[in-house]
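Topology and contacts: notes
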Amino acid sequence: MERVSLIDYMPPGEGIRPLFKPLPAFRTESAETRGHRAVAAALAFAIAVAYFLLVLQYWAPAHSGVDQNGYLVGGKQLAWTGSTGLKPAEPLGFVSSMWVLNEKTGVSYPKYPVGLPLLYAIVLWTCGSVGPKAAFLISPVTAATAVLGMYFLTRRFAGAFASLMAMLVMAFGQVMLVLANNPNSHASCLAFCVWGVFLLIRFWETGTLWRGVTAGFLLGFAATIRYTEGLLALLIAFTFVGMVDWRSGRSWLRCLTPTLGWLIPVAYLVGFNLIAMGTITGYDTTNESVPGSAFTLEHMGLNWEKLVRQVHDTGLFFTLPLGLLGMGLALRSGVRRGTLLWLWLVPGTLTYMAYYWAPERGVSYLRFFLTLMPPIVVGVGVLIDQLVSAASVARLPRVVTPVACGLVVAVACSMSLYRGLFGLDEGQETGIGLESQFRQQVNLAALGDVVTQTAPAGSVLIAPVQQLNALQFIGDYDCFSTETFTAAYATRLNAQKTNRDPDDPDPIQPARRNFLLKQIDGKNDDQLAQEQIGIVSRALSAGRRAFILCRRDQTAAFTKRYEAKSLDLTWKPIAFYNDLPRLQPPTDRPPSTDPRARGGPNRPRPGGPGGPGRGGRGNFAGREVTAQAWQLIEIKRRAG
Amino acid sequence: MDRSAAESKLVRRTGLVAAFVLAVAFFIWTQAYFEPVHVGTDQNGYLVGGKQFSRTLLPRQWPTILGTPTQFDPHAFVSNMWVAGANDKAASFDPKYPIGLPLLYALLIWASAGGTTAAFYLSPIAMALTLPAVFIVVRRFSGTYGGLLGMLAFATSPLTAALVNNPNSHAVNVFTATWGMAAVLHWWHVGGRRWAIFGGLLVGYSATVRYSEGLLVLPLLWAALVRPVARRTPVDLGMIEPAPPWPSRMARRWFEPLLLLAAWAAPVIALAAYNLLLLGTLTGYDSTNESTGFGWVYFFDNWEALLRNLAVGGLFLMLPLAIIGMVRTTPRDPRRAVFLLLWAWPCLGLYAFYYWGPDGVGMLRFITTSLPPLLAFAFWGLLPAGGRIARPVSEPTAPEPTAAVPDAVGQHSRRHAALRVAVRTVFVLCVAAAAGVVVFYSVRFDRDKQTLAPLQTYLERAPTAYQRTGATVAFFAGIVAAVAIAGALAATSRRSTPVMAAGLVTLLSVSGGADASRFWLEQNAYDTRMWQATARAVRERVPDGAMLVCRDEPLLNYLQFVTDNRLYSGQSFDRNWVNGRPRALSDDPVLMDPVRGQRLFDAIKGDQAALNEQARATVRAALSTNRRVFVLEAVASADPLRQALRKKEEGPVPDFVRRYITGSKNPVLVGRRVDWWTVPQVVKDEFRSIPRGRKPLNRPNFRTTCFQVWEITAG
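The following refers to the structure shown. Here the structure is a predicted model, which is why all the values come from computation and not from measurement. (Residues numbered from 1 in each chain as written. Chains lettered and ligands numbered in written order. Predicted model: local features only at pLDDT ≥ 70, side-chain atom pairs only at ≥ 80, totals over all residues. Heavy atoms only, no water.)

**A few points about the packing of aromatic side chains**
Scanning all chains against the criterion turns up 56 aromatic pairs over all chains. With 5.8 Å between their ring centres and 80° between their planes, Y352 of chain A and Y355 of chain A make a pair best called edge-to-face. Here Y352 of chain A and Y355 of chain A have matching classes, each one buried. On the numbers, 5.7 Å between centres and 80° between planes, the contact of Y211 of chain B with Y285 of chain B is edge-to-face. With Y211 of chain B in the loop between helix 8 (193-209) and helix 9 (217-230) and Y285 of chain B in the loop between helix 11 (246-278) and helix 12 (296-314), this residue pair connects regions lying 74 residues apart in the sequence. In terms of burial, Y211 of chain B and Y285 of chain B fall into one category: buried. Linked through ring pairs, F295, Y352, Y355, Y356, Y365, F368 and F369 of chain A together constitute an aromatic cluster. The ring of Y365 of chain A is capped by K306 of chain A, whose NZ or CZ atom sits 5.8 Å from the centre of that ring. Directly above the aromatic system of W677 of chain B lies the positively charged group of R541 of chain B, at a separation of 4.4 Å from the ring centroid. (Phe/Tyr/Trp six-rings, centres within 6.5 Å; stacked < 30°, edge-to-face > 60°. Buried < 20%, exposed > 50% of the residue type's maximum accessible area, 1.4 Å probe, protein only. Helix = DSSP H or I, 4+ residues; strand = E, 2+ residues; numbered from the N terminus. Lys NZ or Arg CZ within 6 Å of the ring centre and 35° of its normal.)

**Quick notes on unusual backbone geometry**
All names here are of chain B. A positive phi angle, near 55°, is found at A113, a position not held by glycine. Among the structural elements, A113 can be located in the loop between helix 3 (100-111) and helix 4 (117-120). The backbone of N289 shows a phi angle near 65°, a positive value even though the residue is not glycine. Take N289: it is sitting in the loop between helix 11 and helix 12.

**Topic: the sheet that holds strand 6 (residues 478-481) of chain A**
All names here are of chain A. Reading across the sheet, the five strands line up as 6-5-7-12-8 and stay open at both edges, with mixed pairing between neighbours. Unpaired on one side and paired on the other, strand 6 and strand 8 (569-578) mark the two borders of the sheet. Between one strand and the next, the sheet's axes are offset by a mean angle of 25°, whatever the strand orientation. Examined bridge by bridge, strand 8 and strand 12 (residues 629-637) share nine bridges and lie antiparallel to one another. Pairing of T570 across the sheet is with K636, part of strand 12. (Pairing = 2+ DSSP bridges. Axes fitted to C-alpha atoms, helices over the stretch in contact; angles between N-to-C directions.)

**A few points about the packing of helix 12 of chain B against helix 14 (residues 334-352) of chain B**
Residue and element names in this part refer to chain B. Remark: helix 12 packs on helix 14, axes separated minimally by 8 Å, with the N-to-C direction vectors making an angle of 130°. Judged on the interaxial angle alone, helix 14 and helix 12 are oblique. Packed against helix 12, whose contacting residues are Y298, F299, N302, L306 and L310, the element helix 14 presents L348, Y351 and A352 at the interface. Considered class by class, the residues forming the contact of helix 12 with helix 14 number seven nonpolar, one polar and no charged. (Parallel < 35°, antiparallel > 145°, perpendicular 65-115°, else oblique. Contact = heavy atoms within 4.5 Å. Nonpolar A, V, L, I, M, F, W, Y, C, P; charged D, E, K, R; others polar.)

**Points about helix 11 (residues 233-243) of chain A**
Looking only at helix 11 of chain A, the buried set comprises L235, I236, T239, F240, G242 and M243 of chain A. For helix 11 of chain A, the secondary structure elements touched by its buried residues are helix 9 (186-206), helix 10 (209-225), helix 12 (249-255), helix 13 (257-276) and helix 16 (335-353) of chain A.

**Focus on the environment of R581 of chain B**
Mapped onto the fold, R581 of chain B is located in the loop between helix 22 (575-579) and helix 23 (594-604). Those residues within four positions of R581 of chain B in sequence are excluded, and the remaining contacts are N80, M592, G597 and L600 of chain B.

**Here we look at the pattern of salt bridges**
A complete count under the given rule lists 39 salt bridges over all chains for this structure. A salt bridge links D506 of chain A to R500 of chain A; the shortest N-O distance between them is 3.4 Å. Taking relative accessible area as the criterion, D506 of chain A reaches 4% and is therefore assigned buried. Here the salt bridges do not stand alone but share partners, grouping R551, D574, D655, R658 and R659 of chain B into one network. (Salt bridge = Lys/Arg side-chain N within 4 Å of Asp/Glu carboxyl O.)

In structure tokens form, the structure reads like this:
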């Protein structure tokens, strides 16, 4: 044990007193030989690498999400300007929905914390021209790192076999699989949390300074990726209380090292927010961080059953009760160590249970809980470990128990993998499966290549919002959304403004909505078209080029604006891209509103009796094949 | 070894009393949502079969043209789950279900002097009485504490709630199977001919309620084979008398097992003989190919849904614990574990391969009888009584008590044991209280069901925030109680951690299950009350014995049981409808008997004009036998009717009247509107707007359905 060489002693005369109270050993590692441990660690590395390769099969360097735009474009801005702020040259320039406006400066910032944009900025700084593609590797890499971290974390509670099982449970959870390729905050945040807590436990065991600082820094950095991870400070506080010798100043100093490490990124985050946005968090101006508004007991009452059901069904299929049981057993074997798990799980769970944003969509809701799943998964490891230990006395159980535990894990993993691949949610196919996401993002990445190879940097680019979310990061354009120049958009914004209580949490910042409305409210389609033409004309006059990206079947809706004889503009398609064919899941049978339907409360499902068509997954009968065709149109001055 | 045997008599008796008290509470809770009505086609098969049995000693319908005692009436209403009798191709139909449940319904009808209401109470009573049986079974493996938790988990399973007020086969089936198995387990441990006969008969009877429960013979066979061997273990050797000489010993050893199997076989053989005699086939499903509708192709469609439904809707949070229980206990006590395995898995496996596998309760209900053994596994594996999970090797173990202070140690242990029992009992009560708060709020929601006139008043009492608040309060009260008790447990004995953990997981399971259960109960309440209001209105206007034409087959399903009206759906007078009935018998399993379609087609083939004449002839036949003739029609909205009445016009005319009565060139029959009324429509929007809002919710929809009754008389 390292502990012997790491305990310092007080000066002579004061007696021999350790500088801290180390965490009691959970289990002796003497039961496992060094070779045994090395083989297990090698296996863990191999699994993590294999997991990374698996995830990479569905990887594509693009994403059309609005959240992802916030992180990625924020990172790009940070790399270029030192701040995540964005202020388009034109008031109607594209700023995605998850950005908040500082009304004093007119600069918009992603409402998300600055941690993940900083990671993207680092990649952009270091990877040169491949930076925009390499940035999309952060999520798969951190996901695999988190999976590896699960092994080492679970090792602090259980043996090698159980830790490998826990690693697999975490890796193949449906939520984890879906988010592993998603350039939003969850995969990277998970990695920081897992490794941070692992190092924190090691710090408590050994008292090593570097471990303490690193653990604190990682946990603090997790809070700069997702604000709610600030709750992990409770673990740091608990560790401090558990290990400090209250009478010794040196003990205080040593035990505070995680706190110091934690403060570095958190202070940076708060300082940045205060300077840039004038608020502590980016959510303040959307009321999404306000207790009593975004977080209420009423929400808790509405959400608790949904949460438990979804975690049990989608988040950690088959393993949630095992994990909770294991967490209970962990308390038996070591109260302080077990308490760390509960302190990790409970505050975060209660916080998100009380949160207003709780859609009845498996992964969409459960992504908030991804960083809260490790303690449950560790619990699974603890349970398996204790089962295996208990069975080691007799010959038959010694063989059967690990095999059976492996089978249970296999059931959980295979079910989650199956669902993750096809995006199954309560038996229904959704668009968030790995396959459908891959197809969608591959198309978007290829479209991005077409655009960036054709349109030079600095050009004006008018495109639909989803495509623009990605192209704003991939390329260097003055971006404008097509929907901004429609009266329907203004109507929609007005409806949102009217229907919402200003004190209620609102995903879209009211100030930004008002700013946009100020630009477009009261204008009809023709007037807005003139706005667009004006933007294009000014760009062309400045020697820049202007492009419209649109679907071929919608070309006329845009190009006819530039065909008026009074204009000196003309247009020409110069690049094309056809999406890979997309196989839509069969349309669900319309819900039966007849309470007299046979057999009571049944729900038809695709492929099953009573559902539309039989054949299960992989049988494409009844599915609609769609393939969108895109074209990039250049707007030019008429010759002569 | 029977774990409960290690407990004191006081604990065992207290547990049993608590189990029955909770069963009564469960009955009261579910009765708040109960109405003696059901419009399902399956339920029609059981109920009308029972009614026919009570009158003719056969569950058979012989629809004959009115006034002609032998001439087959192809237009008379016979619900979808009836099959054509093989020995009587001409004019009879039998439910495709086994005779066990109709027989019970017949007994209840006899007992209530022909009344039909009592039959609807069979399922709720059977389900409530199943709970103590679950307790007894689970207690055998994990003690009283485990038994109570297992019973609570079963009681709050959404599947239980979906079936408790439903007069189909499942409640009675799980009642007979579970009590039968409880008796068999009792016989296994203490022996006795009465228990062997009782257990065998009940398990055998469950096969006469649902054919697939014939698989329960497997655990019985296992018990019969293994138990004699079990008696030779050192534990049991002390419990039996010295071995008698060889012939007598062999007879003694095998007599009771054979008695058990014979008792099981008696009802099963009776059922088979009955089917062969009446239907000409071994089961009623043979003619629809459903008894062979099992295959891998269905398995690949079913496995995900079955596993998901069982894990979420059947044994919420408990299924993985059951699997872990199997892992732990099978190597340790293979004889009893195999008994539970053979009880739980064959039925589960069988239905994984079945062709009929709609998502949700539609699929899950088939495996209701597998829930008790799975719960037994869960708590057997969880609780220290079932084998304590080993402490990690590094932890210091308590020093063994020395022989020098036996009294002190004994007193200390006894005190601690008593304290543990007390604390665990309090914990169970807290779990039950948490569920009870949910129950309370649910009952409060429904307390004044007797003052539900008009129905609109009831429906307006939609699920509101206080229900959710109730569930939330229950949940957190339970959590707080659990944590408090956990502390007490920890103070009492560090070994109690698994108890606490098991309790916490069960608490989550019970809370979540109770919340989901309320949905099913509400749904059932909305549906049944809407139908009750409709049926009551119909019965007030249409006298018993009259001929009633109504296209609403669910309503006919119910009216056929509670009235003696001659019922017609009227659809069989439409040639297109007749042509659309399944007739050809292929190898594929189908729900409806194709022979019925063929019989109908053969009987009424002809052009539409001939069918029109048959419709008029049917009405005339009824009138000639002094029966009044009514036509009931439902329309989506009462507005056209109101407008017409305001203008003093006739308004919309029922399809049957317009096509076959007043549409005739030479009308000799006339129709007039007797009355009309509206009933609030209930819409279940459980599937609304996927992917958002998929949580099942009941929402009454205040659009109304309008019913009008016309009477047809001679012109």
